[in-house]
Amino acid sequence: MSTAVLADDERLMRDQLRTRLNEVWPELTIVAEAKNGAEAVELVAAHRPDVVFLDIRMPGMTGIEAAAGISQIEDGKLPEIVFVTAYDQYAVEAFEKGAVDYVLKPAQADRLQATAQRVKARLAKNAASAQGAGGASQPDMSALIAQLKATISQGMGGDAVGAKPPPLRYIQATIGSQLRMIPVEEVLFFVSDEKYT
């Protein structure tokens, strides 16, 4: 039985990810959910899950910083880390190395199915190498995280404080109980109704 921690500052995104994971990986047990990066690091240290699904953009501590914190947890195996983001420009090449994966928001069932298969294969490989060699070999997470930070920094215009973020590509909208990502180029207008838009 594999275990997971979900981390996203948006409750609807966590709900949607949990629902989709239940569809494509029913034997996965979600042991905890975090609303920010710092909470994710604490929950990973407490629960020692097999996999962590981290949103990249969270207030306080980003998903990248949380991954760095998770990689520093001692006395235990490192979980597989899957980044979940609405921003596809964030270091897609870094994920192709196979040490981590990424899922674009909103998580599509077919993409999440591929991620689940990839993580299951890595977990099985790590379990086999742990039995054969007396300990699983962990990926060099610090190198991957440093590469990802550098790519994000370049995409944001360098390390300057207050660097201009990339242009908005999607608007999140709740339709009934579903959360949808609407491309900005399809938006015609917004309507305000009391405190809602």
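What counts as what
- Residues numbered from 1 in each chain as written.
- Predicted model: local features only at pLDDT ≥ 70, side-chain atom pairs only at ≥ 80, totals over all residues.
- Heavy atoms only, no water.
- Pairing = 2+ DSSP bridges.
- Helix = DSSP H or I, 4+ residues; strand = E, 2+ residues; numbered from the N terminus.
- Right-handed = clockwise from strand over helix to strand, strands pointing away.
- Axes fitted to C-alpha atoms, helices over the stretch in contact; angles between N-to-C directions.
- Contact = heavy atoms within 4.5 Å.
- Core = buried A, V, L, I, M, F, W, Y, C linked by side-chain atoms within 4.5 Å.
- Buried < 20%, exposed > 50% of the residue type's maximum accessible area, 1.4 Å probe, protein only.

Engineer: Tell me about the pairing of strand S2 (residues 29-34), residues and numbers included.
Structural biologist: Of the strand pairs in this sheet, strand S1 (residues 3-7) and S2 are connected by five bridges, and their pairing is parallel. The residue of S2 that forms the bridge with Ala4 is Ile30. Once you follow S1 into helix H1 (residues 11-24) and on to S2, the crossover reads as right-handed.

Engineer: Which residues make up the sheet that holds strand S5 (residues 101-104), and what values do they have?
Structural biologist: Pairing is parallel in the open sheet, where five strands are placed in the order S2-S1-S3-S4-S5. Among the strands making up the open sheet, the edge pair consists of S2 and S5. Going from strand to strand, the sheet's axes swing by 20° on average, the running direction of each strand aside. Here four bridges tie S1 to strand S3 (residues 51-55), and the two strands are oriented parallel to one another. Bridge pairing in S3 links Val5 to Val52. The strands touched by helix H2 (residues 37-47) within the sheet are S1, S2 and S3, with S2 carrying the most contacts at an inclination of about 145°. Packed on one face of the sheet, helix H3 (residues 63-71) meets S3 and strand S4 (80-85) and runs near 150° to S3.

Engineer: Describe the nonpolar core, and please don't skip the residues or the numbers.
Structural biologist: Counting 19 residues, the largest nonpolar core has Ala7, Val44, Leu54, Ile70, Ile81 and Phe83 as the members making the most contacts within it. Counting only elements with at least two residues in this core, the list comes to S1, S2, H2, S3, H3 and S4. What Leu54 contacts, discounting residues up to four positions off in sequence, is Ala7, Ala40, Gly63, Ala66, Ala67, Ile70, Ile81, Val82, Phe83 and Val84. Core analysis: the next-biggest nonpolar cluster, separate from the first, contains 17 residues, Ala4, Phe53, Val84 and Ala107 among them.

Engineer: Go over unusual backbone geometry, please, and point to the residues and values.
Structural biologist: Here Lys105 and Pro106 are connected by a cis peptide whose omega angle stands at -10°. With respect to the helices and strands, the residue Pro106 is situated in the loop between S5 and helix H5 (109-133). Phi is positive for Arg48, close to 50°, though the residue is something other than glycine. Within the secondary structure layout, Arg48 lies in the loop between H2 and S3.

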